[in-house]
Amino acid sequence: MTHFTSVHSIKDLDALVNQALEIKKDLFADEALGKRKTLGLIFLNPSLRTRMSSQKAGMNLGMQVQVINAGTDAWTWEFEDGGVMNKSTSEHVKEAAKVLSQYCDVIGLRAFPGLIDRNYDYSEHVLNSFIRHAEVPVISLESATRHPLQSLADLITIKENWPHKRAPKVVLTWAPHSKALPQCVPNSFAEWMNAAPVEFAIANPEGYDLAPEFVGSAKVYHNQKEALQEADFVYVKNWSSFETYGAMPCVKDDWLLKKDFVESNPQTQFMHCLPVRRNLEMSDALLDSENSLVYKQAYNRTVAMQTVLKSILERTL
Ligand code: CP
């Protein structure tokens, strides 16, 4: 059985992106493919884009789509094996995944990290437990360490907005925030960019280096200005510390990109997965710039999910 949980789920990345661009030309071309098939979307955490775009992708393929906010609407799940369930959890993931498999042909699951126990989060215990007990293909709708559908949408967006032959310079830059956020989006973006035909670098303050397995061959800068020189795409995102897991070490320099950066870099296109806190993580000047790709990224979330779903239904993933 094939699951979609990371870039490693893909046999041929270039072929998948090209397939996505073909699918985008006519989103209803395969509306008979999913007839009488059910897509279940299970959210343990909130969502706007992933929820709506995944529903839309399933419906475009003719699937029935059922959505549940399992964090609030369903019984609380237990993920540990062999224990006595005498605390707050009411249903073991073993039953939940097997029962959902009776109703669904494909299941999407969103399960954020707790940001408390790094080993637990980075072992992907929740997603892997669900997959172990599921009897149908599972698609990650964002897990403890990755957000692969977002990364596929980001890669599609970069390809569409880069008409040149040379590889674009893509820089992932850390940005400020008032809340500790997971490393899923930057981890995943780094993993996909390292597998894509781009020149990739990461800019983050000291104390915010991503896990080495996600940094891969990317050059890491602790000086944002130096990293962003001649960048073609700048991906803005906050994340909490991997090293001091889930913490937000003090940052002295100003990492919020503003109007002066937009004006002095007219060739640079700006990206963010959204949601974004305006003027805290990303300034109005970038978000409202003509060079902002954030809504194109959001549109491509449907294309990404539809591409993955089609591959799963056709058993070509
Ligand atoms: N980018 C993204 O995954 O958005 P949601 O959390 O709203 O789904």
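All values derive from a computational prediction rather than experimental measurement.

Basis of the calculations
- Residues numbered from 1 in each chain as written.
- Predicted model: local features only at pLDDT ≥ 70, side-chain atom pairs only at ≥ 80, totals over all residues.
- Heavy atoms only, no water.
- Near = heavy atom within 4 Å.
- Polar contact = N/O pair within 3.5 Å; in protein donor to acceptor, adjacent residues only side chain to side chain.
- Areas by Shrake-Rupley, 256 points an atom, 1.4 Å probe, with all protein chains shown as cover.
- 1 Å grid on protein atoms, 1.4 Å probe; cavity = no way out; pocket = protein on both sides within 12 Å on 5 of 7 lines; lining within 4 Å.
- Sits in = over half its atoms within 2 Å of the grid points.
- Nonpolar A, V, L, I, M, F, W, Y, C, P; charged D, E, K, R; others polar.
- Pairing = 2+ DSSP bridges.
- Helix = DSSP H or I, 4+ residues; strand = E, 2+ residues; numbered from the N terminus.
- Axes fitted to C-alpha atoms, helices over the stretch in contact; angles between N-to-C directions.
- Contact = heavy atoms within 4.5 Å.
- Domains from an automatic or database assignment.
- Buried area = accessible area lost by both parts, 1.4 Å probe.

Close to the ligand lie S47, L48, R49, T50, R110, H147, Q150, C273, L274 and R301. Within the side chain of H147, an N or O atom sits 2.7 Å from an oxygen atom of the ligand. Taken by itself the ligand offers 260 Å² of open surface, and the protein chains cover 93% of this. When atom positions are compared with the pocket grids, the ligand is found to occupy the largest pocket. Here the residues of the shell around the ligand are counted per class, giving three nonpolar, four polar and three charged.

What holds strands together in a sheet is hydrogen bonding between their backbones, with the strands either parallel or antiparallel. Sheet architecture is open: five strands sit in the order β9-β8-β7-β10-β11, paired in parallel fashion. The sheet terminates laterally at β9 (219-221) and β11 (269-271), the two strands that pair on one side only. On average, adjacent strands in this sheet sit at an angle of 25° to one another, irrespective of strand direction. Packing of helix α7 (residues 184-195) onto the sheet brings it into contact with β7 (169-174), β8 (199-203) and β10 (233-237), and relative to β8 it is tilted by some 155°.

Right, let's talk about the domain arrangement of the protein chain for a bit. Domain annotation for the protein chain reports domain 1 (7-146 + 301-316) and domain 2 (162-292). Here domain 1 and domain 2 have C-alpha centroids that lie 27 Å from each other. Each side of the interface is counted separately: domain 1 has 17 residues, and domain 2 has 23 residues. Taken over both partners, the interface formed by domain 1 and domain 2 buries close to 1,600 Å², and the fraction arising from carbon and sulfur atoms is 64%.

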